[in-house]
Amino acid sequence: MRHKMINNLLLLLTALIWGSAFVAQSVGMDYIGPFSFNCVRSVLGGIVLMPVIWIMGRQKKNDHNDKSDTDYKTLLTGGICCGIALAAASSLQQIGLVYTSAGKAGFITALYIVIVPVMGLFLGKKTGVRTWIGVALAAVGLYFLCITDGFTISTGDLIVLLCAVVFSIHILLIDHFSPKVDGVRLSCIQFFVSGILCAVPMLIVEQPQIGEILAAWQPLLYAGVLSSGAAYTLQIIAQKNTDPTVASLLLSLESVFSVIAGWIILGERLSGREMFGCVLVFAAVVLAQLPSRSSGT
């Protein structure tokens, strides 16, 4: 129970970092395109984890001499699969932000809290009634939190909706691979895979200049080191013993933290509607984590 609580706190910290990173993502788009931003931030995330892996490897050198080839094959397979999903989802999110408002993008992206348990049903993962109620409550809360004007479906909205679907796949992939391999190594591989994939359209379509990338060094550093290197690694480590639906609900607090970060950093004030949305989302997360009588879910 204590280990599960620690994992949930790590996921909460992940959501906090991602939520505050929304400011960095917006500022970074003023200098470079979406593929360029995601390419650089992903590569930075992988580079930051390399010394961490080296230090951990030195510490565990005498304890893990029995690693089999299967372990490394699973690690490589998981890193590639997670990297492909991460590259697709993050790129779709950045592109969608060009055509739709941040509020709509935040709401639509967070719909993975509904998509994850639905996909889980097809994979044989059962979800309790209390968690489903939490999912519905969180969806309503995110609507009040993020949708402040009339809701219409545009091209940008559809792109971000596809992003939510891919992020759901990413969460389920992590749920599948993280218990089998080292989480930090898995995270490092996925970043380099994501960076390489984003580099192709970056070089073909956007062709950024070095000066443009250097001008965006502050948002790139935050997004690369904290949002990518730290937060995604925390997600992989914490999801080892956490139900993917509960994990998605905890990560959905990213939207709440993005509003709070805007309030604190940018001086944006929360309306009564947004406050009500925050309360609903927090209530949903707490409800989903309450253990049922028959099981620990």
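The structure displayed is predicted, hence computed values, not measured ones.

A.B. asks: Describe the overall build of the protein chain, with residues and values.
C.D. replies: Summing up its helical and strand segments, the protein chain has 13 helices and 0 strands in all. Each helix and strand of the protein chain, ordered N terminal to C terminal, gives the series α-α-α-α-α-α-α-α-α-α-α-α-α. Taking all 297 residues of the protein chain together, the buried fraction comes to 49%. Restricting to contacts in the protein chain with at least 6 residues of sequence separation, those with at least 24 account for 93%. Total accessible area on the protein chain stands at roughly 14200 Å², and carbon and sulfur atoms take up 68% of it.

A.B. asks: Give a description of the nonpolar core that names residues and reports values.
C.D. replies: Core analysis: the largest hydrophobic core is formed by 60 residues, its most contacted members being Tyr112, Leu142, Leu145 and Leu253. Ranked by residues supplied to this core, first place goes to helix 7 (residues 155-177) with 10 residues. Residues within four places of Leu253 in sequence aside, it is in contact with Leu12, Ala15, Val281, Phe282 and Val285.

A.B. asks: Outline the packing of aromatic side chains, listing residues and values.
C.D. replies: What the rule picks out here adds up to 2 aromatic pairs. Relative to Phe144, the ring of Tyr143 lies with its centre 5.9 Å away and its plane at 85°, an arrangement referred to as edge-to-face. Pairing Phe144 with Phe276 gives two aromatic rings, centres 5.1 Å apart and planes at 80°, and the pair type is edge-to-face. Here Phe144, found in helix 6 (residues 129-146), pairs with Phe276, found in helix 13 (residues 272-289); they are 132 residues apart in sequence, far enough to count as distant. The partly exposed category is assigned to Phe144, whose relative accessible area is 24%. An aromatic cluster of three or more residues is present, and its members are Tyr143, Phe144 and Phe276.

A.B. asks: Please set out the confidence of the model for the protein chain residue by residue, giving values where relevant.
C.D. replies: The predicted model of the protein chain has a mean per-residue pLDDT of 81, with 88% of residues at 70 or higher. Taken as a whole, residues 66-70 scores under 50 in pLDDT and shows 1 contact with residues more than four places along the chain or in a different chain.

A.B. asks: Tell me about the state of the cysteines, and please be specific about residues and values.
C.D. replies: Counted according to the given criterion, the structure contains 0 disulfides. Of the cysteine sulfurs around Cys82, a residue in no disulfide, the closest is that of Cys81, at 6.8 Å.

A.B. asks: Give me the packing of helix 8 (residues 183-206) against helix 10 (residues 217-238): which residues, what numbers.
C.D. replies: The contact between helix 8 and helix 10 brings their axes to 9 Å, and the two run at 130°. The angle between helix 8 and helix 10 falls in the class oblique. Crossing of helix 8 over helix 10 shows right-handed handedness. In this structure, helix 8 uses Gly183, Val184, Leu186, Ser187, Gln190 and Phe191 to contact helix 10, whose residues at the interface are Ser228, Gly229, Tyr232, Thr233, Ile236 and Ile237.

A.B. asks: Just give me the short version of the environment of Leu172, but keep the residues and values in it.
C.D. replies: Locating Leu172 in the fold gives a position in helix 7. Overall, the relative accessible area of 10% leaves Leu172 in the buried class. A C-alpha to C-alpha distance of 6.7 Å links Leu172 and Pro244, two positions 72 residues apart in sequence. Sequence-distant contacts of Leu172, that is, excluding residues within four places in its chain, are made with Val116, Met119, Gly120, Leu123 and Pro244.

A.B. asks: Explain the packing of helix 5 (residues 112-122) against helix 11 (residues 244-251) residue by residue, including any values.
C.D. replies: Two packed helices can be described by the angle between their axes and the distance between those axes. The N-to-C vectors of helix 5 and helix 11 enclose an angle of 175°; their axes lie 9 Å apart at closest approach. The angle between the axes of helix 5 and helix 11 places the two elements in the roughly antiparallel class. Counting all contacts with helix 5, which are made through Tyr112, Ile113, Val116 and Pro117, the residues of helix 11 involved are Pro244, Thr245, Ser248, Leu249 and Leu251. Each residue belonging to the contact of helix 5 with helix 11 can be placed in one class, and the counts come to 7 nonpolar, 2 polar and no charged.

A.B. asks: Before we move on, can you summarise a nonpolar patch on the surface with the specific residues and values?
C.D. replies: A surface patch of nonpolar side chains, amounting to about 330 Å² of accessible area, comprises Leu76, Ile80, Ile84 and Leu197. Ranked by the residues each element gives to the nonpolar patch, the list is headed by helix 3 (residues 69-99), at 3 residues. Mapped onto the fold, Leu197 is located in helix 8.

A.B. asks: Outline helix 10, listing residues and values.
C.D. replies: Taking 1.5 Å of rise per residue, 22 residues should cover 32 Å, and helix 10 covers 29 Å from first to last C-alpha, within 8% of that figure. The largest bend in helix 10 comes to about 25°, at Ala223.

A.B. asks: Help me get a handle on unusual backbone geometry, residues and values and all.
C.D. replies: The backbone of Gln207 shows a phi angle near 45°, a positive value even though the residue is not glycine. Of note, Gln207 is situated in the loop between helix 8 and helix 9 (210-215).

What counts and how
Residues numbered from 1 in each chain as written. Predicted model: local features only at pLDDT ≥ 70, side-chain atom pairs only at ≥ 80, totals over all residues. Heavy atoms only, no water. Helix = DSSP H or I, 4+ residues; strand = E, 2+ residues; numbered from the N terminus. Buried < 20%, exposed > 50% of the residue type's maximum accessible area, 1.4 Å probe, protein only. Contact = heavy atoms within 4.5 Å. Areas by Shrake-Rupley, 256 points an atom, 1.4 Å probe, with all protein chains shown as cover. Core = buried A, V, L, I, M, F, W, Y, C linked by side-chain atoms within 4.5 Å. Phe/Tyr/Trp six-rings, centres within 6.5 Å; stacked < 30°, edge-to-face > 60°. pLDDT = per-residue confidence, 0-100. Disulfide = S-S within 2.5 Å. Axes fitted to C-alpha atoms, helices over the stretch in contact; angles between N-to-C directions. Parallel < 35°, antiparallel > 145°, perpendicular 65-115°, else oblique. Left-handed = near helix turned anticlockwise from the far one by under 90°. Nonpolar A, V, L, I, M, F, W, Y, C, P; charged D, E, K, R; others polar. Patch = residues over 30% accessible without salt bridge, like charges linked within 9 Å, V, L, I, M, F, W, Y side chains within 5 Å. Salt bridge = Lys/Arg side-chain N within 4 Å of Asp/Glu carboxyl O. Expected span 1.5 Å × (residues − 1). Bend = angle between axes of the 7 residues up to and from the residue.

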